[in-house]
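# Coordinate analysis (summary)
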Amino acid sequence: MTVSDLLGWWGAQRRGSWITQQIRAELDNHSLLTSPAFDKVPIDATVHLVVPPGNDAPTIDEPDVVASVVDTAGSEDEPPEVGLPVGSLHSALAGIDSLPPSATFEQAITLMAINDYSQIPILEGPRKLRGAVTWKSIAKTRHVSPDAKLADAIVDAPAVPYSLDLIDILPLLEESEFVLVKDETNKIAGIVTASDVAGAYGSMATPFFLVGELDQRLRQVIADRFDVDQVIEWCDVDNSRGITCFDDLSFGDYLWILRNPKAWELLGWPLDRKIFTDRLDEIREIRNDLMHFNPDPLPADAVQKIRYAINLVRECADSAR
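Below is a summary of the structure that appears in this document. This is a predicted model, so every value here is computed, not measured. (Residues numbered from 1 in each chain as written. Predicted model: local features only at pLDDT ≥ 70, side-chain atom pairs only at ≥ 80, totals over all residues. Heavy atoms only, no water.)

## Some words on the overall build of the chain
We count it as follows: Strands here are runs of E lasting at least two residues and helices are runs of H or I lasting at least four, both read from the DSSP assignment and numbered beginning at the N terminus. To get the radius of gyration, use the C-alpha atoms; to get the globule rule, take the number of residues to the power 0.38 and multiply by 2.2 Å. Type-normalised accessible area, obtained with a 1.4 Å probe on protein chains alone, sets the label of each residue: buried when under 20%, exposed when over 50%, and partly exposed for intermediate values. A contact between two residues is defined here by any heavy atoms of the two lying within 4.5 Å. Every accessible area reported is derived by Shrake-Rupley at a probe size of 1.4 Å, with residue values counting cover from the shown protein chains alone. Asp and Glu are treated as the negative residues and Lys and Arg as the positive ones, with His and the ends of the chain left uncounted. Note on charges: their place is set at NZ of Lys, CZ of Arg, CG of Asp or CD of Glu.
Regarding its fold elements, the chain presents 13 helices and 7 strands. Taking 2.2 N^0.38 as the reference for a compact globule, 321 residues should give roughly 20 Å; the C-alpha atoms of the chain span a radius of gyration of 26 Å, well beyond that estimate. Dimensions along the principal axes, computed over C-alpha positions, put the chain at roughly 80 × 55 × 30 Å. Counting the 321 residues in the chain, one finds 39% classified as buried. Expressed as a percentage of contacts within the chain between residues at least 6 apart in sequence, the contacts between residues at least 24 apart total 54%. Accessible surface, the chain as shown: approximately 17700 Å² in total, 51% of it carbon and sulfur. Side-chain charges of the chain comprise 28 positive and 51 negative groups, with the mean position of each set lying 5 Å from the other.

Written as structure tokens, this is what we have:
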């Protein structure tokens, strides 16, 4: 099934920290795992429900899928990994073109040129990586020896597991500009380039900065309209959180304040309190997904909702001055 179908069993559409932990726990209660790990791959990727080797229950009749499922599950004593995994990039497990060491320069050059590749992995089998050839290695090898063979142009090619945090491959990308990715059975299943990673982080950059702007504008509105003692009374009446100034407030605090009928009346904005704060609550969830590196794409209208909220806050704040 797809990861999306799996989430549907729990009534969820996207992965978050709580739903992910719940699914893991309930699968574990039934001695089941997904292969590959459902929280390490794109939401439209296919996963299998499998029983770890050694259990009495039957497993699916696909040895490669079950071969290393125990390794992908991790130990019960290990905390869940947090971060954007390599496998969340579509190219990581999307398959890969490769050549054997006996291939010719003409084969490599044609395959690279016709697909606009910058490199080609050289494999002796699905799990036996010899390295890769690149435009640079081909040029250098042929310059040194016009009679060289393609095998002479092979350079080292880093390979990483799909479950590795994306941030951990940045040094490898800086050096090699690409990494090959191994699936749950240690097959070379895809490739990640520097441009893939730039695109992944870039897609999060716009909503990240917009949420930051909205955060600052809401904090300024609250600081302009209320005394800090009022805010502390609403958000930290027992002083358990140690709020002493407006900079100590979180996005959830803004929401708590604006949902307070007395605070809303003092604010004096000509808006419906429930509709406005419900939208802020949606944006709070978007913010949490960004902060927690949820691997699933944001809703298509997420950026638009944040922009509209920023414009509305700015207009109301300006008119109140």
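That shown, we press on.
## Structural notes on the pattern of salt bridges
Between side chains of opposite charge, pairing is possible as soon as their charged atoms come close. How we decide: Salt bridges, as used here, are contacts in which a Lys or Arg side-chain nitrogen is within 4 Å of a carboxyl oxygen on Asp or Glu.
Enumeration according to the criterion identifies 17 salt bridges in this entry. Its salt-bridge partner being R217, residue E213 comes within 3.1 Å of it at the nearest N-O pair. Of the two residues, E213 and R217 both sit in helix 8 (residues 194-225), 4 residues apart, roughly one turn of that helix. For E213, a relative accessible area of 28% corresponds to the partly exposed category.

## Points about the nonpolar core
Side chains that are nonpolar tend, in soluble globular proteins, to be buried together. Quick reminder of the rule: Only buried residues count toward a nonpolar core. Its members are Ala, Val, Leu, Ile, Met, Phe, Trp, Tyr and Cys residues joined through side-chain atoms within 4.5 Å.
Counting residues in hydrophobic clusters, the biggest one holds 63 residues, and the most contacted among them are I169, V192, L214 and I257. In terms of residues, this core owes the most to one element, helix 8, which gives 9 residues. L214 has contacts with F251, L280, I283, A309, I310 and V313, leaving out every residue within four places of it along the chain. By size, the runner-up hydrophobic cluster in this structure holds 12 residues, among which are L99, I138, L150 and A153.

## Some remarks on the pairing of strand 3 (residues 119-125)
Rule in force here: What makes two strands pair is DSSP finding at least two bridges between them.
Burial runs high along strand 3: 5 of the 7 residues are buried. As defined by bridge partners, strand 3 adjoins strand 4 (residues 128-134) across 6 bridges and the pair is classed as antiparallel. Pairing of L123 across the sheet is with L129, part of strand 4. Counted between consecutive antiparallel strands, the loop separating strand 3 from strand 4 contains 2 residues.

## As for the packing of aromatic side chains
Inclusion rule: Any two of the Phe, Tyr and Trp rings considered here, Trp counted by its six-membered ring, make a pair once their centres fall within 6.5 Å; the pair's planes then place it as stacked at under 30 degrees, edge-to-face at over 60, or tilted in between. Any Lys NZ or Arg CZ found within 6 Å of a ring centre and within 35 degrees of that ring's normal is scored as a charge over the ring.
For the structure on display, the rule yields 7 aromatic pairs. Measuring from centroid to centroid gives 5.8 Å for W264 and F276, while their planes differ by 40°, and the two rings are tilted. Pair noted here: W264 is in helix 11 (residues 261-267) and F276 is in helix 12 (residues 273-291), with a separation of 12 residues, a long-range link. The same class applies to W264 as to F276, namely buried. Note on W269 and F276: the rings are 5.8 Å apart at their centroids and 85° apart in plane angle, and the pair reads as edge-to-face. The burial state of W269 is the same as that of F276; both residues are buried. A cation sits over an aromatic face here: R142 above F105, 4.5 Å from the ring centre.

## Topic: the environment of K136
Tracing the sequence through the fold places K136 in helix 6 (residues 135-144). A relative accessible area of 64% means that K136 is categorised as exposed. Counting along the chain gives 17 residues from K136 to A153, while the straight-line C-alpha distance between them is 9.0 Å.

## Examining the packing of helix 8 against helix 13 (residues 302-320)
So the rule is basically this: Whenever a helix is involved, its axis is fitted only over the stretch in contact; in every case the axis is a line through C-alpha atoms, and angles between N-to-C directions fall within 0 to 180 degrees. Orientation is classified from the angle alone, with under 35 degrees giving roughly parallel, over 145 giving roughly antiparallel, 65 to 115 giving roughly perpendicular, and any other angle giving oblique. Two helices that cross are described as forming a left-handed crossing if the nearer one is turned anticlockwise from the farther one by less than a right angle, and a right-handed crossing if clockwise. Classification used: nonpolar for Ala, Val, Leu, Ile, Met, Phe, Trp, Tyr, Cys and Pro, charged for Asp, Glu, Lys and Arg, polar for all others including Gly.
The geometry of helix 8 relative to helix 13 is characterised by a closest axis approach of 10 Å and an angle of 25° between their N-to-C directions. Regarding the angle of helix 8 to helix 13, the classification is roughly parallel. Note that helix 8 runs across helix 13; the crossing there is left-handed. Only V303, I306, R307, A309, I310, V313, R314, A317 and A320 of helix 13 make contact with helix 8, whose side of the interface consists of T206, P207, L210, V211, E213, L214, R217, L218, V221 and R225. Split by residue class, the contact of helix 8 with helix 13 holds 13 nonpolar, 1 polar and 5 charged.

## Notes on the packing of helix 5 (residues 105-115) against helix 6
Close contact between helix 5 and helix 6 brings their axes to 11 Å; oriented N to C, the two are set at 150°. Looking at the two axes, helix 5 sits roughly antiparallel to helix 6. In the packing of helix 5 onto helix 6, the handedness of the crossing is left-handed. Contacts from F105, E106, I109, M112 and A113 of helix 5 reach helix 6 at W135, I138, T141 and R142. Residues that form the contact of helix 5 with helix 6 fall into these classes: 6 nonpolar, 1 polar and 2 charged.

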